[in-house]
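The residues making up each chain are set out below.
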Amino acid sequence: MRKVLFITAMTAILLVACNGKTKEKKAAEAAQAAEIQRIDSVTAEIDSIKNVIDSAAVEVDELINEL
Amino acid sequence: MKNIKYLLSLLLIISLVTAAGTNTYAQQVKSKGKKEQKKVAPKEKIEKHEMHPKDTLRMNPDKPKGEKGDAELRDKPQGERGSGERPEPGKDRPEHNMGKDSTRHETGKRPDAEIEKDNEGHAYGRNKGDLEGKEFGQARAEQAKMEQHKKEFELGNSVMEGEAKVKESREKINAAREKLEADRKAKKISESQYKEKKEKIDKAEKAVNDLEMEIQRGKEIKQK
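It should be emphasised that the depicted structure is a prediction, and the values quoted were computed from it without experimental measurement. (Residues numbered from 1 in each chain as written. Chains lettered and ligands numbered in written order. Predicted model: local features only at pLDDT ≥ 70, side-chain atom pairs only at ≥ 80, totals over all residues. Heavy atoms only, no water.)

**Brief notes about the overall build of chain B**
Counting its secondary structure elements, chain B contains nine helices and zero strands. Counting from the amino terminus, helix and strand elements in chain B follow one another as α-α-α-α-α-α-α-α-α. Here chain B holds 224 residues, and 25% of them are scored as buried. Within chain B, residue pairs in contact and separated by at least 24 positions form 62% of the contacts whose partners lie at least 6 positions apart. A total accessible area of about 16,700 Å² is found for chain B, and carbon and sulfur atoms account for 54% of it. (Helix = DSSP H or I, 4+ residues; strand = E, 2+ residues; numbered from the N terminus. Buried < 20%, exposed > 50% of the residue type's maximum accessible area, 1.4 Å probe, protein only. Contact = heavy atoms within 4.5 Å. Areas by Shrake-Rupley, 256 points an atom, 1.4 Å probe, with all protein chains shown as cover.)

Structure (structure tokens):
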């Protein structure tokens with residue numbers, strides 16, 4: 001009976017350990033994906049503001065030349 | 001009795017460990033397995049088709065069973081398909097040309113629509129190469145960071161150029177305004193001309209203010 005209990009307990013520990021690793025891995029991957037998404041969104045924002053500045057500069061150029 | 005209990009517990013352990021191991025292994029090779037499945041599937045389909053070509057045609061002559069295999073074969077390059085394994089579409093299986101992809105069989109080339117369909121999806125995830133899982137994620141993160149640095153550098157250049165333009169434009173606007181007032185005083189221009197010119201100057205000044213605001217916004221974003 002002791003043996004059975006011991007083996008069952010060991011199995012439970014093993015299972016918990018395995019699942020823990022999987023969860024950690026999943027969490028790490030999710031964090032990495034979120035970080036990539038954040039960087040991408042910042043990059044897109046930077047790109048859009050750069051384009052806005054460039055187009056505004058062109059507009060200013062045209063209006064100044066008209067003076 | 002003891003032996004039975006021991007055996008049962010051992011069996012339980014083996015099944016549990018196998019299940020846990022399979023779960024973790026399945027996640028690791030998920031993407032790899034899909035690729036292999038795609039490569040293997042067409043060959044199996046072709047073999048099946050060669051064994052019973054008549055049966056397949058009898059079942060559904062308009063839409064042959066091999067069509068699904070064709071779709072999967074599209075993923076493979078022409079050289080890998082194996083010319084000897086598959087019967088010529090125009091000779092042995094004339095009914096097959098009646099399907100949707102009859103043009104492809106005739107010309108031997110894939111239509112542009114199919115190629116475009118294959119190219120759908122995220123550009124970053126399409127060409128993973130040999131990278132998988134964690135490695136791909138790290139490479140992708142590095143790529144994203146590099147792209148961000150590049151865009152930041154470009155934004156810095158735009159901000160610097162914009163600031164120079166604002167300064168230069170303000171000087172030009174001030175000069176134009178002074179000249180306009182002087183011309184008005186000297187009665188060199190009519191009232192309507194004055195108003196027209198003033199409107200242009202105001203418009204230019206507004207554009208410069210807008211540019212300055214955008215530059216400020218760009219600086220704030222860059223500082224984040």
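This is not the end of the story, as more comes after the structure.
**Describing the packing of helix H8 (residues 134-185) of chain B against helix H9 (residues 191-223) of chain B**
All names here are of chain B. Their axes nearest at 9 Å, the elements H8 and H9 cross at an angle of 160 degrees. If you check the angle between H8 and H9, you find them roughly antiparallel. Once H8 is placed against H9, the crossing between them reads as left-handed. Broken down by class, the residue content of the contact of H8 with H9 amounts to twelve nonpolar, five polar and 15 charged. (Axes fitted to C-alpha atoms, helices over the stretch in contact; angles between N-to-C directions. Parallel < 35°, antiparallel > 145°, perpendicular 65-115°, else oblique. Left-handed = near helix turned anticlockwise from the far one by under 90°. Nonpolar A, V, L, I, M, F, W, Y, C, P; charged D, E, K, R; others polar.)

**Some thoughts on the interface of chain A and chain B**
Contacts between the two partners involve 34 residues from chain A, matched on the other side by 45 residues from chain B. Where chain A abuts chain B, roughly 3,700 Å² becomes buried across the two surfaces, and 74% of that area is made up of carbon and sulfur atoms. Taken as a group, Ile46, Ile53 and Leu67 of chain A account for 17% of the area that chain A buries against chain B, more than any other trio of residues on that side. Linking chain A with chain B are three salt bridges. Asp40 of chain A is paired through a salt bridge with Arg140 of chain B; the nearest N and O atoms lie 2.5 Å apart. Viewed at the interface, chain B and chain A are joined by four residue pairs in polar contact (both at pLDDT 80 or more). Residues belonging to the side of chain A that touches chain B are distributed by class as follows: 19 nonpolar, five polar and ten charged. (Buried area = accessible area lost by both parts, 1.4 Å probe. Salt bridge = Lys/Arg side-chain N within 4 Å of Asp/Glu carboxyl O. Polar contact = N/O pair within 3.5 Å; in protein donor to acceptor, adjacent residues only side chain to side chain.)

**As for the packing of aromatic side chains**
Note on aromatic pairs: each is described by the distance of the centres and the angle between the planes. Counted under the stated rule, the structure contains zero aromatic pairs over all chains. Positioned above the aromatic ring of Tyr194 of chain B, the side-chain terminus of Arg184 of chain B is 4.1 Å from the ring centre. (Phe/Tyr/Trp six-rings, centres within 6.5 Å; stacked < 30°, edge-to-face > 60°. Lys NZ or Arg CZ within 6 Å of the ring centre and 35° of its normal.)

**Some words on the confidence of the model for chain B**
On average, residues of chain B score 67 in pLDDT, and 48% of them reach the 70 mark or higher. Two summary scores accompany this predicted model of the complex, namely pTM at 0.52 and ipTM at 0.71. (pLDDT = per-residue confidence, 0-100.)

**Brief notes about a nonpolar patch on the surface**
Residue and element names in this part refer to chain B. Residues Tyr6, Leu7, Leu10 and Ile14 make up a contiguous nonpolar surface patch of roughly 370 Å² in combined accessible area. As for its position among the elements, Leu10 is in helix H1 (residues 2-28). According to the relative accessible area criterion, Leu10 is partly exposed, its value standing at 33%. (Patch = residues over 30% accessible without salt bridge, like charges linked within 9 Å, V, L, I, M, F, W, Y side chains within 5 Å.)

**Here we look at H8 of chain B**
With 52 residues, H8 of chain B ought to run about 76 Å at 1.5 Å a step, and its terminal C-alpha atoms sit 75 Å apart, in line with that. One or two steps after H8 of chain B, the chain reaches Lys187 of chain B, where phi turns positive at roughly 55 degrees. (Expected span 1.5 Å × (residues − 1).)

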